[in-house]
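An overview of the molecular structure
For reference, the chains in residue letters:
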Amino acid sequence: MEETLQSNEVINLTTFRGQYSVSPPLSGGDGRGYAVEENGGYDVNGVASRSSAVLSGYDTLDSPPSYDFYANTEVFGRTRKIRPSLFQLHSNPEDDSSPPPLYEETNGNKESPEDEPTEPPPEPTRFGWVQGVMVRCMLNIWGVILYLRLPWITAQAGIGLTWIIILLSSCITGITGLSTSAIATNGKVRGGGTYFLISRSLGPELGGSIGLIFAFANAVAVAMHTVGFAETVQALMEENGSRMVDPINDIRIIGVITVTCLLAISLAGMEWESKAQVMFFMVIMVSFANYIVGTIIPASPQKQARGFFSYRADIFAENFVPNWRGPEGSFFGMFSIFFPSATGILAGANISGDLKDPNVAIPRGTMLAIFWTTVNLSVSGSCVLRDASGHINDTIMTGSAAGDCLGTACSYGWNFSECIANKTCSYGLSNYYQTMSMVSGFAPLIAAGIFGATLSSALACLVSAPKVFQCLCKDKLYPVIGFFGKGYGKNDEPYRSYLLTYIIAVCFILIAELNTIAPIISNFFLCSYALINFSCFHASITNSPGWRPSFRFYSKWASLVGAVVSVIIMFLLTWWAALIAIGIVLFLLGYVLYKKPSVNWGSSVQAGSYNMALSYCMGLNHVEDHIKNYRPQCLVLTGPPSLRPALVDFVGTFTKNQSLMMCGNVIIGGPSPEAVDAANSSSHVTWLNKRRIKSFYQGVVADDLRTGAQILLQGAGLGRIRPNILVMGFKRNWNKCPPTSIENYISILHDAFDLQYGVCILRMKEGLDLSHQMQAHSNGHFNIQINGGSEIFHPMDPDSLTALPQPTTIFQTRQEKKTIDVYWLSDDGGLTLLLPYLLKRKKRWGRCKVRVFVGGEIQHLFVTLYLVHFNSVKKFEDMLGPYRVHAIQKSRGGDAQTTGDCPWMVSDEEFEKNLAKSFRQIRLNEVLKDYSRDAALIIITMPVGRKGACPSTLYMAWLETLCRDLRPPVLLVRGNQDSVLTFYCQ
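Residues numbered from 1 in each chain as written. Predicted model: local features only at pLDDT ≥ 70, side-chain atom pairs only at ≥ 80, totals over all residues. Heavy atoms only, no water.

- By the naming in an unreviewed UniProt entry, the protein is Solute carrier family 12 member 3, taken from Pygocentrus nattereri.
- Its UniProt record gives the protein a comment under Sequence similarities (unreviewed entry), which states: "Belongs to the SLC12A transporter family." (UniProt positions renumbered as here; feature names shortened; annotations may be inferred.)

Okay, structure coming up:
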């Protein structure tokens with residue numbers, strides 16, 4: 001086995017299958033048969049799926065690793081398999097239960113055999129790494145800069161600094177290429193190119209903004225390259241003395257005709273577009289060969305007069321050092337002019353959806369394109385002088401004074417001293433942009449190369465922009481643009497996006513002056529480079545297990561340097577254009593952050609948020625608790641939050657952006673898949689987010705409500721970020737519920753006190769539970785199942801809650817100029833005072849005035865007990881009557897049942913012992929009616945019933961009596977007797 005592992009051999013374990021394997025039929029509660037097939041698969045009523053039976057003597061539902069389990073694509077003619085669930089493997093097949101299906105249905109309904117296509121769909125055209133990436137990138141890098149500006153840059157910066165400019169540009173593009181390769185090999189890449197790579201790595205916020213401006217930049221780049229071609233054609237027409245209208249209109253006419261022809265090529269399909277690119281590539285290669293041959297051929301007198309003398313060591317030495325001229329004469333000035341020519345490295349990645357294997361093609365083709373173009377651009381400046389007159393008569397006559405001759409040309413018998421001194425030379429590297437045409441063996445081939453470079457770049461941008469924009473439209477991050485995302489044909493061609501790109505290009509071609517727009521486009525490209533590098537760095541630094549690129553030749557620190565340098569270059573090129581580009585990115589970023597589209601791509605931003613949150617939580621372990629830093633962190637027993645919106649809104653008011661809020665939901669029942677799904681349904685979090693409640697949600701499955709509450713009380717939270725206050729709704733119908741339900745409710749309060757929790761109970765006159773109203777409006781969106789006296793919420797659809805009308809509560813509106821009446825009757829540590837202060841800080845409660853009623857000594861309160869009305873006492877006794885021992889014995893015919901068997905029963909002794917406390921609650925209710933009938937909110941210290949001495953029904957009667965018949969909402973508060981307020985600074 002050790003030798004096998006070292007040699008990376010794969011052994012098919014099916015050869016070791018047991019001789020006496022059996023295929024026991026399995027059946028579920030739904031009556032369907034689960035038969036294990038002989039070939040190692042299982043079939044569900046004719047639908048096959050795989051299983052593993054190779055390591056045992058019998059067949060099982062367990063499956064070996066399969067590609068289908070990890071992919072989200074389908075293969076024609078084969079049903080996609082899905083991994084058996086843990087319930088299917090773990091549960092007893094004889095149980096009367098219905099397991100989830102073992103196959104995947106499409107769009108909720110599986111197609112019948114008659115509806116299924118008999119032939120596979122036509123295979124779209126796909127390209128390899130040479131034709132699809134390398135050639136496309138090289139064509140986009142080679143452009144007008146190479147033919148018309150590189151010799152001039154060499155004259156300004158010298159050969160040495162020109163090489164540095166080229167190598168620096170290549171380093172930036174090389175680092176970006178490495179980052180692109182790493183991201184492209186981290187998973188299956190689809191259509192969308194740069195936008196797809198950034199959005200799936202950094203998320204929709206940055207990905208969407210870059211995708212939009214990158215598509216726009218490519219559309220405008222079509223106009224730029226087309227205008228470059230049109231200007232060259234117009235110049236040739238001027239040389240031959242021909243003109244259509246005038247120079248500007250000639251450029252417009254030629255440009256519109258050219259871009260229309262390029263659109264026709266693009267609409268013909270990617271196959272024709274790729275053939276056109278290969279033709280342009282061949283033309284450019286021929287023009288390069290023509291240039292190289294021209295530098296080797298001995299120079300004619302006419303070329304010598306223009307400064308060309310073939311390869312000479314002294315010319316190389318003179319041109320090696322810089323000779324800055326004009327306002328642009330600086331290193332960064334030359335760099336800003338050259339660098340836009342290196343912005344074509346993403347041309348191959350932009351058509352990622354049309355590549356056979358993007359994971360291989362993008363890294364290989366991009367890196368080789370960068371290498372070959374770098375080598376090609378490095379050959380220049382060794383055979384042409386900086387200055388020459390072009391006059392054939394400027395030769396040194398025999399016997400003339402050679403000492404008066406200036407420049408290297410003197411040693412070759414030419415005297416350009418006059419034009420050098422007067423700065424009137426018309427030829428040479430510094431003065432003549434068509435130097436490559438002059439040096440070449442056949443000048444028309446260089447013109448053809450210029451045509452090929454400009455047209456190929458325009459065609460590449462004309463294809464890239466619609467592809468990127470189509471992917472952005474399909475993701476629906478921005479409104480309106482979805483119309484342009486529709487695809488046609490086997491290649492899913494975005495014809496609508498093509499027409500939009502064509503219209504944008506024509507608009508800029510008609511301007512015919514793009515010198516102002518060009519820096520912005522370059523900065524948009526650099527924005528993309530910076531974000532690609534940052535994506536690679538961020539994905540690496542977060543240490544997410546999902547970051548597993550197969551391309552290993554990258555460095556996260558090199559990616560960070562590439563991102564920083566790209567931003568710096570943006571400002572070095574044109575600072576105002578950089579500000580415009582960054583401003584547009586931030587605006588689009590803010591829009592997506594505000595709209596919060598419902599997409600989840602597992603971005604590195606999510607992984608970074610997890611790391612940051614984990615780090616901060618761990619950091620709190622080193623900080624001791626202090627009274628000044630106390631925050632009310634609330635565990636709210638809401639059940640499904642949508643059923644008690646008033647309770648959620650009230651707690652969210654004083655915890656928002658301040659402290660922890662966690663909604664707890666207890667699903668009563670056994671640990672079944674249905675119960676677990678109901679407890680962990682994402683619809684609850686969706687409802688909270690839509691209501692803009694900043695709260696966590698935690699659902700548990702338990703045998704009863706008290707057990708589930710105990711689980712939440714002890715297990716909720718993380719480290720020091722854990723609840724310290726239990727918030728519940730008042731049990732309004734307690735006298736109609738079984739006594740055991742009352743016992744569970746009060747026992748939860750005792751459990752909270754035992755665990756050092758503070759307790760808050762909110763009561764509203766109209767009640768808190770909206771389950772029956774929601775069920776009436778749901779039209780079958782959810783069920784409410786009664787189980788043991790408790791209601792279980794079963795959502796039928798994750799979007800059902802957000803589709804239902806959102807109920808409005810009084811806690812969502814701004815309160816009138818009323819009072820918040822606080823009855824601080826017992827010192828509970830100050831929680832009764834802290835909560836109204838936190839409410840008062842919120843804008844909704846800012847107009848309310850806080851009134852505090854403080855109780856005196858307990859013995860002084862006994863004086864007021866004699867003021868209790870007889871009718872109030874009679875109501876209290878009638879309320880508690882059904883739970884008195886003598887009443888129960890009388891109803892059962894004298895059956896002697898003790899309070900030990902029924903702890904909710906109230907004996908005469910317990911009633912008399914707690915009579916003073918009962919009278920106190922009755923009197924307090926009368927005080928509340930007298931002083932706080934018009935308050936916006938009443939906050940009162942909640943009495944504490946001793947565990948074992950005060951029956952649950954008596955305690956429930958106290959709470960009922962205390963806040964009965966009150967119009968304002970009432971909040972019963974009891975702290976855990978630890979101080980939450982302090983007068984001191986330390």
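1. Quick look at the overall build of the protein
- When helices and strands are counted, the protein shows 34 helices and 15 strands.
- Expressed as a percentage of the 986 residues in the protein, the buried residues total 49%.
- About 47700 Å² of surface is accessible on the protein, with carbon and sulfur atoms providing 58% of the total. (Helix = DSSP H or I, 4+ residues; strand = E, 2+ residues; numbered from the N terminus. Buried < 20%, exposed > 50% of the residue type's maximum accessible area, 1.4 Å probe, protein only. Areas by Shrake-Rupley, 256 points an atom, 1.4 Å probe, with all protein chains shown as cover.)

2. Focus: the packing of aromatic side chains
- As enumerated under the stated definition, the model contains 25 aromatic pairs in all.
- For the pair Phe 483 and Phe 484, a centre-to-centre distance of 5.3 Å together with 80 degrees between the ring planes defines the contact as edge-to-face.
- What makes Phe 483 partly exposed here is its relative accessible area of 49%.
- Taken together, the ring pairs in this structure connect Phe 650, Phe 654, Phe 811 and Trp 845 into an aromatic cluster. (Phe/Tyr/Trp six-rings, centres within 6.5 Å; stacked < 30°, edge-to-face > 60°.)

3. Focus on the packing of helix 24 (residues 705–715) against helix 25 (residues 739–754)
- Where helix 24 meets helix 25, the axes come as close as 9 Å, and the angle between the chain directions of the two elements is 20 degrees. For the element pair helix 24 / helix 25, the angle class is roughly parallel. The chirality of how helix 24 crosses helix 25 is right-handed. Residues Leu 705, Arg 706, Ala 709, Gln 710 and Leu 713 of helix 24 form the contact with helix 25, whose own contacting residues are Asn 744, Ser 747, Ile 748, Asp 751 and Ala 752.
- Of the residues in the contact of helix 24 with helix 25, the class split is 5 nonpolar, 3 polar and 2 charged. (Axes fitted to C-alpha atoms, helices over the stretch in contact; angles between N-to-C directions. Parallel < 35°, antiparallel > 145°, perpendicular 65-115°, else oblique. Left-handed = near helix turned anticlockwise from the far one by under 90°. Contact = heavy atoms within 4.5 Å. Nonpolar A, V, L, I, M, F, W, Y, C, P; charged D, E, K, R; others polar.)

4. Things to note about a positive patch on the surface
- On the surface, a cluster of positive charge is made up of Lys 596, Lys 656, Arg 692, Lys 694 and Arg 844.
- Relative to the helices and strands, Lys 656 is located in the loop between helix 21 (645–655) and strand 6 (661–668).
- Take Lys 656: its relative accessible area is 32%, and that puts it in the partly exposed class. (Patch = residues over 30% accessible without salt bridge, like charges linked within 9 Å, V, L, I, M, F, W, Y side chains within 5 Å. Salt bridge = Lys/Arg side-chain N within 4 Å of Asp/Glu carboxyl O. Lys, Arg positive; Asp, Glu negative; His and termini not counted. Charge placed at Lys NZ, Arg CZ, Asp CG, Glu CD.)

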